[in-house]
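Here are the chains, one letter per residue:
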Amino acid sequence: MRPSARPALPAAILLFLAVAAQAGVAERTQEFLDFGAGVLALVSLTSTVLWGLAATGRRLLGPAHRLLAQGVHRGLAVAGLGFLALHVWVKVAEDRTSPAAAAVPFADNGQPFLIGLGTMAGYLFVAVAVSGAVRSAFSGAGGSRRWRALHMTAYPAWGAALVHGLHAGLPAGWATAGYALCLTGVAAALALRLRARLREERAERTGPGGQS
């Protein structure tokens, strides 16, 4: 019978942690999270916006593909909120801002406007996520319109988060490039969505015979 490897597992874990500590993994991870968590949050939430636009494109995707896009949209939203929570926790833990400033918009002593934009964006993203999770609660008369209006606040939230990310810290080159890609992607998706909407309205006006 082979001896069990379980007794050696704790020793292997301790050895791994010792080697990681010696190599400075914890410090490097903390340095990355100090800046990278916010970037990952914005990239994830930008992808959420893009997949949300794709999920509503009836001319671009069929029913099955729209369901898949909605699933990816929700998964990215959860990931974005997770990175957002990590971003806030790291900044508070490292005394980059205070718990009060993280919770109350425009209460930061050093950068009240920029940090306040990030706080407002966080609250709006949470509100959008909650409205998406409880969409069935808006099934009454006029509920669909109210839900859509609330869900559309993701766009100003995204814009505030972008300004916060670009100016609240000292972004590295790769982060600035990532922000530029986020801006380009959302602008292109909105332009395509607007173009499709205009085509649909034009088709409705002309009617089946092609005459207005």
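Residues numbered from 1 in each chain as written. Predicted model: local features only at pLDDT ≥ 70, side-chain atom pairs only at ≥ 80, totals over all residues. Heavy atoms only, no water.

## A short note on the packing of aromatic side chains
Definition in use: Here a Phe, Tyr or Trp ring, Trp counted by its six-membered ring, pairs with any other such ring whose centre lies within 6.5 Å, and the pair is stacked when the planes are under 30 degrees apart, edge-to-face when over 60, and tilted otherwise. Only protein chains enter the accessibility calculation, which uses a 1.4 Å probe; a residue is then buried when its area is under 20% of its type maximum, exposed when over 50%, and partly exposed in between.
Within the structure shown, the criterion is met by 1 aromatic pair. For the ring pair Phe106 and Phe113, a centre distance of 6.4 Å and an interplane angle of 20° mean the geometry is stacked. For Phe113, a relative accessible area of 51% corresponds to the exposed category.

## Regarding the pattern of salt bridges
Cut-off, in case you're wondering: The salt bridge criterion pairs a side-chain nitrogen of Lys or Arg with a carboxyl oxygen of Asp or Glu, the two atoms within 4 Å.
According to the stated counting rule, one finds 1 salt bridge in the structure shown. Two residues, Glu94 and Arg96, come together in a salt bridge whose shortest N-O distance is 3.8 Å. For Glu94, a relative accessible area of 21% translates into the label partly exposed.

## As for a nonpolar patch on the surface
Rules: For patches, a residue must show more than 30% relative accessible area and have no salt bridge; joins then use 9 Å for like charges and 5 Å for nonpolar side chains, namely Val, Leu, Ile, Met, Phe, Trp and Tyr. Exposure was quantified through the Shrake-Rupley algorithm and a 1.4 Å probe, taking into account, for residues, occlusion by the shown protein chains and nothing else. We count a stretch as a helix when DSSP gives it H or I for four or more residues in a row; a strand needs E for two or more, and each element gets its number in order from the N terminus.
A cluster of nonpolar residues, Phe106, Phe113 and Met120, forms a patch on the protein surface that exposes about 300 Å² of accessible area. If you trace the backbone, Phe113 turns up in helix H5 (residues 112-133).

## Considerations on the confidence of the model for the protein chain
Rules: Values of pLDDT, which run from 0 to 100, indicate the predictor's confidence residue by residue.
Here the protein chain shows a mean pLDDT of 76. Residues at 70 or above account for 73%. The least confident element of the protein chain, judged by mean pLDDT, is helix H1 (residues 8-22) at 53; the most confident is H5 at 90.

## Concerning the packing of H5 against helix H6 (residues 143-151)
This is how it is decided: Fitted lines through C-alpha atoms give the axes, limited to the stretch in contact for helices. The angle between two N-to-C directions lies from 0 to 180 degrees. Oblique is the label for every angle not falling under 35 degrees (roughly parallel), over 145 degrees (roughly antiparallel), or within 65 to 115 degrees (roughly perpendicular). The hand of a helix crossing depends on one turn: near helix anticlockwise from the far one by less than a right angle means left-handed, and clockwise means right-handed. We call two residues contacting when some pair of their heavy atoms lies within 4.5 Å. For this scheme, ten residues count as nonpolar: Ala, Val, Leu, Ile, Met, Phe, Trp, Tyr, Cys and Pro. Four count as charged, namely Asp, Glu, Lys and Arg, and the remainder, Gly too, count as polar.
Between H5 and H6, whose axes approach to 9 Å, the crossing angle comes to 150°. In terms of orientation, H5 and H6 fall into the roughly antiparallel class. Considering only the axes of H5 and H6, their crossing is left-handed. Only Trp147, Leu150 and His151 of H6 make contact with H5, whose side of the interface consists of Ala127, Val128, Ser131 and Gly132. Classifying every residue of the contact of H5 with H6 gives 4 nonpolar, 3 polar and no charged.

## Points about the side chain of Lys91
With respect to the element layout, Lys91 can be found in helix H3 (residues 63-93). Relative accessible area serves as the criterion here: at 18%, Lys91 is assigned to the buried category.

## Focus: the nonpolar core
Note the following rule: By nonpolar core is meant a set of buried Ala, Val, Leu, Ile, Met, Phe, Trp, Tyr and Cys residues that side-chain atoms within 4.5 Å join together.
Counting residues in each nonpolar core, the largest one holds 15 residues, and the members touching the most others are Leu42, Ala121, Phe125, Trp158 and Ala161. No other element matches the 5 residues that helix H7 (residues 154-167) contributes to this core. If we skip the residues at most four places from it in the chain, Ala161 touches Leu42, Ala121 and Phe125.

## Observations regarding unusual backbone geometry
Residue Asp95 is not a glycine yet carries a positive backbone phi of 60°. Within the secondary structure, Asp95 sits in the loop between H3 and helix H4 (99-103). A positive phi angle, near 65°, is found at Phe106, a position not held by glycine. Position of Phe106 among the secondary structure elements: in the loop between H4 and H5.

## Some thoughts on a positive patch on the surface
Selection criterion: Note that His is not counted, nor are the chain ends; the positive residues are Lys and Arg, and the negative ones are Asp and Glu. To locate a charge, take NZ of a lysine, CZ of an arginine, CG of an aspartate or CD of a glutamate.
Together, Arg74, Arg135, Arg145, Arg148 and Arg197 make up a region of like positive charge exposed at the surface. Along the chain, the position of Arg74 falls in helix H3.

## Quick notes on the packing of H5 against H7
One way to put it is that H5 packs onto H7 with a least axis distance of 8 Å and a crossing angle of 145°. The way H5 lies across H7 gives a crossing that is left-handed. Here Leu114, Ile115, Leu117, Gly118, Ala121, Leu124, Phe125 and Val128 of H5 come into contact with H7, specifically with Ala154, Ala157, Trp158, Ala160, Ala161, Val163, His164 and His167. For the contact of H5 with H7, the residue count by class is 13 nonpolar, 3 polar and no charged.

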